[in-house]
Amino acid sequence: MKKPVKKPVNGPVSKAWGGRFREHTSASVESFTESISFDKRLWRHDIRGSIAHARMLARQRIITPKEAATIIRGLNEISAEIAGGSFTFRRDLEDIHMNIEANLTSRVGEAGKKVHTARSRNDQVAVDLRLYLTDEIRTISGLIGTLEEAMLLIAERHISDIMPGYTHLQRAQPVLLSHHLMAYVAMFDRDRGRFSDCLRRMDVMPLGACALAGTSLPTDRDSVARELGFGSMAMNSIDAVSDRDFALEFLAASAILIMHLSRLAEELVLWSTEEFRFIEISDRFTTGSSIMPQKKNPDVAELIRGKTGRIYGNLISLLTLMKGLPLAYNRDMQEDKLPVFDTVDTVTACLAILGEMLPEITFNTERMKKTAGKGYSTATDLAEYLVRKGVPFREAHEITGRIVRHCIDRNVGLEQLDLPELRSFSPVIARDIFGALDPSESVKARNSFGGTSPAEVKRQIRHYRRALKRK
Ligand code: ARG
């Protein structure tokens, strides 16, 4: 087949940057390089940035007040059209910035051509992404707070229910269920802290850095920063357009958060097995099997655990994307949005569904309590009893170990030994030993700061309730 002969272009190619080009971009390049299919999500923030920029240009007499008013009117119309779904995004216009600018110019004429004065898409995309992420992080922090609330309520309801505490997934010592749950509240509280640290460093405005070197036009970046709600301006214009640390910090905080969610999900999966039978998740939050009629699967928890891989991947993806880039902007950086958007969506969805599911979990406290006393879980209490009677800890540990072995050989629990039997291991043992071997007494006695006694867990609950109020 004969190739169609490309007609040379008469005048500039129809692109914002078309002036120096003689030929049209190939269709395959247009589709390979476009970002509008995903960055249209930034439209609100792009328009907010452009309105603040236009106002500043007028204040600085770089454009006239009338031109600024025309630009702002046009941008507001575009905003309404995008929100209403009637705006047509064009792939040949590459990205959200040029889609909006081109539409503005065709809508309002000459004034539209002035909106891009003293800025570049390099600083524009950087400011859009910061504004966007700031909003999303606030939502995510709110969702973490809701999850903490839900956990706190369950902890309060089960304040004195006992469960086996584990190390190496072997029964270790009896603990309060509320204590175990409060450990997650402690993690989530740190997660909220990480996101707010991240917000603090994100609170720096790159707009006005232009392509990389600043501008010779008399701009006033400070007033734009204030109007957009930023605490400060990027100090170095080259850094302003090159930096994606803020997105990386968000991805890193999200990776740690979802690691926590995944550990909780894993426990919910384990606890709902026939082997554990510690919890039952309501029918509304479980699914069945297409072949095994008896099954009730904890799919929501499994999927949260599963999505963790994606969130780690997104962090590694952006780290890898950035590692070899020379300063300043490189087109590679357009790929930053995909992992960021995916992490926002995934983390938001996981937090929301987990917040809904937690109140739908019934705890089998009878079974938890029964298993808490099994497996010689009060052996440490016995050793600490001996310590209170003056036996050095290492010796107490050794004596207790021998008692446990004796019980294993006879297939009995510690509490089933009688006093003379116990005293044959150490003469300091007296009748009061039986209190120490009872799981509820064991829990009550662990009243060191942060320990599992009801009084200490109540202190933890009060602490995190206060921390939530401060958010
Ligand atoms: N779509 C681009 C991005 O997301 C916007 C910046 C483009 N800048 C440029 N000089 N081509 O990174």
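This text gives an overview of the structure that appears in the document. (Residues numbered from 1 in each chain as written. Predicted model: local features only at pLDDT ≥ 70, side-chain atom pairs only at ≥ 80, totals over all residues. Heavy atoms only, no water.)

What to know about helix 3 (residues 43-59)
Right, so step 1: Look at helix 3: 24 Å from first C-alpha to last across 17 residues, which is about the 24 Å you get at 1.5 Å a residue.
Right, so step 2: Trailing helix 3 by a residue or two, Arg61 shows a phi angle of about 60°, which is positive. (Helix = DSSP H or I, 4+ residues; strand = E, 2+ residues; numbered from the N terminus. Expected span 1.5 Å × (residues − 1).)

Some thoughts on the environment of Tyr184
Right, so step 1: Position of Tyr184 among the secondary structure elements: in helix 7 (residues 177-202).
Right, so step 2: Each C-alpha atom of the pair Tyr184 and Glu148 lies 8.2 Å from the other, and the pair is 36 residues apart in sequence.
Right, so step 3: Setting aside anything within four residues of it in sequence, one finds Tyr184 in contact with Met151, His260, Arg263, Leu264 and Glu267.
Right, so step 4: There is a polar contact of 2.8 Å between the side chain of Tyr184 and the side chain of Glu267. (Contact = heavy atoms within 4.5 Å. Polar contact = N/O pair within 3.5 Å; in protein donor to acceptor, adjacent residues only side chain to side chain.)

Here's the deal with the site of the ligand
Right, so step 1: What surrounds the ligand is the set Ser35, Asp95, His97, Arg121, Asn122, Val125, Tyr329, Gln334 and Lys337.
Right, so step 2: Between the ligand and the protein, one listed contact pairs a nitrogen atom with a side-chain N or O atom of Ser35 at 3.3 Å.
Right, so step 3: A distance of 2.9 Å separates a nitrogen atom of the ligand from a polar side-chain atom of Asn122.
Right, so step 4: Its free accessible area being 340 Å², the ligand has 86% of it covered by the protein chains.
Right, so step 5: The residue inventory of the shell around the ligand, partitioned by class, reads two nonpolar, four polar and three charged. (Near = heavy atom within 4 Å. Areas by Shrake-Rupley, 256 points an atom, 1.4 Å probe, with all protein chains shown as cover. Nonpolar A, V, L, I, M, F, W, Y, C, P; charged D, E, K, R; others polar.)

So, the nonpolar core
Right, so step 1: With 112 residues, the main nonpolar core has Leu133, Phe250, Leu257, Leu261, Trp271 and Phe363 as its most contacted residues.
Right, so step 2: For this core, the leading source of residues is helix 10 (residues 245-271), giving 15 residues.
Right, so step 3: Ignoring sequence-local partners within four residues, the contact set of Phe363 consists of Ile154, His158, Leu177, Leu181, Trp271, Phe278, Ile279 and Met368.
Right, so step 4: Among the nonpolar cores identified, the runner-up in size contains 20 residues, and Tyr385, Ile399, Phe425 and Ile433 belong to it. (Core = buried A, V, L, I, M, F, W, Y, C linked by side-chain atoms within 4.5 Å. Buried < 20%, exposed > 50% of the residue type's maximum accessible area, 1.4 Å probe, protein only.)

Remarks on a positive patch on the surface
Right, so step 1: Positive charge collects at one region of the surface, where Lys458, Arg462, Arg466, Lys469 and Arg470 lie side by side.
Right, so step 2: Within the secondary structure layout, Arg470 lies in helix 19 (residues 454-470). (Patch = residues over 30% accessible without salt bridge, like charges linked within 9 Å, V, L, I, M, F, W, Y side chains within 5 Å. Salt bridge = Lys/Arg side-chain N within 4 Å of Asp/Glu carboxyl O. Lys, Arg positive; Asp, Glu negative; His and termini not counted. Charge placed at Lys NZ, Arg CZ, Asp CG, Glu CD.)

A short note on the packing of aromatic side chains
When we look at a pair of aromatic rings, we describe it by the centre distance and by the angle of the planes.
Right, so step 1: Tallying each qualifying case throughout the model produces eight aromatic pairs.
Right, so step 2: Pairing Phe276 with Phe278 gives two aromatic rings, centres 5.2 Å apart and planes at 85°, and the pair type is edge-to-face. Across this residue pair, the class does not change: Phe276 and Phe278 are buried.
Right, so step 3: Linked through ring pairs, Tyr166, Trp271, Phe276 and Phe278 together constitute an aromatic cluster.
Right, so step 4: A cation over a ring is seen here: Arg20 above Phe21, with NZ or CZ 5.6 Å from the ring centre.
Right, so step 5: One cation-aromatic arrangement involves Arg41 over Phe341; the distance from NZ or CZ to the ring centre is 4.6 Å. (Phe/Tyr/Trp six-rings, centres within 6.5 Å; stacked < 30°, edge-to-face > 60°. Lys NZ or Arg CZ within 6 Å of the ring centre and 35° of its normal.)

A look at unusual backbone geometry
Right, so step 1: A cis amide bond links Leu327 to the next residue, Ala328, at an omega of 0°.
Right, so step 2: When you line up the elements, Ala328 lands in the loop between helix 11 (299-323) and helix 12 (337-357).
Right, so step 3: In this structure, Arg61 is a non-glycine residue whose phi angle is positive, near 60°.
Right, so step 4: The residue Cys210 is not glycine, and still its phi comes out positive at about 60°.
Right, so step 5: Along the chain, the position of Cys210 falls in the loop between strand 3 (204-205) and helix 8 (221-227).
Right, so step 6: Classification of Cys210 by relative accessible area gives buried; the value is 7%.

Some details on the environment of Arg221
Right, so step 1: Within the secondary structure, Arg221 sits in helix 8.
Right, so step 2: As a C-alpha pair, Arg221 and Ser86 span 135 residues in sequence and 33 Å in three-dimensional space.
Right, so step 3: Look past the residues within four positions of Arg221 in its chain and what remains in contact with it is Met205, Pro206, Leu207, Gly208, Ala209, Met233 and Ala234.

Topic: the side chain of Thr346
Right, so step 1: Its location among the elements puts Thr346 in helix 12.
Right, so step 2: Within polar-contact distance, the side chain of Thr346 engages the side chain of Arg310 at 3.0 Å.

Remarks on a nonpolar patch on the surface
Right, so step 1: Judged by side-chain polarity, Leu212, Ile238 and Leu327 come together as a nonpolar surface patch covering roughly 280 Å² of accessible area.
Right, so step 2: Take Ile238: it is sitting in helix 9 (residues 237-242).

Considerations on the pairing of strand 1 (residues 162-167)
Right, so step 1: Two strands pair when backbone bridges link them, and strand 1 and strand 2 (residues 170-176) are joined in this way by six bridges, in the antiparallel orientation. Among the inter-strand pairings, Pro164 is bridged to a residue of strand 2, identified as Pro174.
Right, so step 2: Between strand 1 and the antiparallel strand that follows it, strand 2, lie two residues; His168 among them carries a positive phi value of about 55°. (Pairing = 2+ DSSP bridges.)

Observations concerning the pattern of salt bridges
Right, so step 1: In the structure shown here, the tally under the stated rule is 36 salt bridges.
Right, so step 2: One salt bridge connects Glu156 with Arg465, and the closest N-O pair in it is separated by 3.1 Å. Here Glu156 is found in helix 6 (residues 121-157), whereas its partner Arg465 is found in helix 19, with 309 residues between them in sequence.
Right, so step 3: Owing to a relative accessible area of 32%, Glu156 belongs among the partly exposed residues under this scheme.
Right, so step 4: One salt-bridge network, in which partners are shared between bridges, spans Arg73, Glu77, Glu81 and Arg107.

Remarks on the side chain of Asn99
Right, so step 1: Positionally, Asn99 belongs in helix 5 (residues 96-108).
Right, so step 2: With residues near it in sequence (within four places) discarded, Asn99 still touches Ile36, Phe87, Thr88, Phe89, Arg90, Leu93 and Glu94.

A short note on the environment of Gly208
Right, so step 1: Topologically, Gly208 is positioned in the loop between strand 3 and helix 8.
Right, so step 2: On a C-alpha basis, the gap between Gly208 and His53 in space is 8.7 Å, while along the polypeptide they are 155 residues apart.

Comments concerning helix 19
Right, so step 1: Across its 17 residues, helix 19 extends 25 Å between first and last C-alpha, which sits within 8% of the 24 Å expected from 1.5 Å per residue.
Right, so step 2: Along helix 19, the positions that sit buried rather than exposed are Pro454, Glu456, Val457, Gln460, Ile461, Tyr464, Ala467 and Leu468. Within helix 19, the buried residues cover an arc of 160° as seen down the axis, which keeps them to one side. Away from its buried face by more than 90 degrees, helix 19 exposes Ala455, Lys469 and Arg470.
Right, so step 3: Contact partners of the buried residues in helix 19: helix 6, strand 2, helix 7 and helix 18 (439-445). (Arc of directions from axis to C-beta.)

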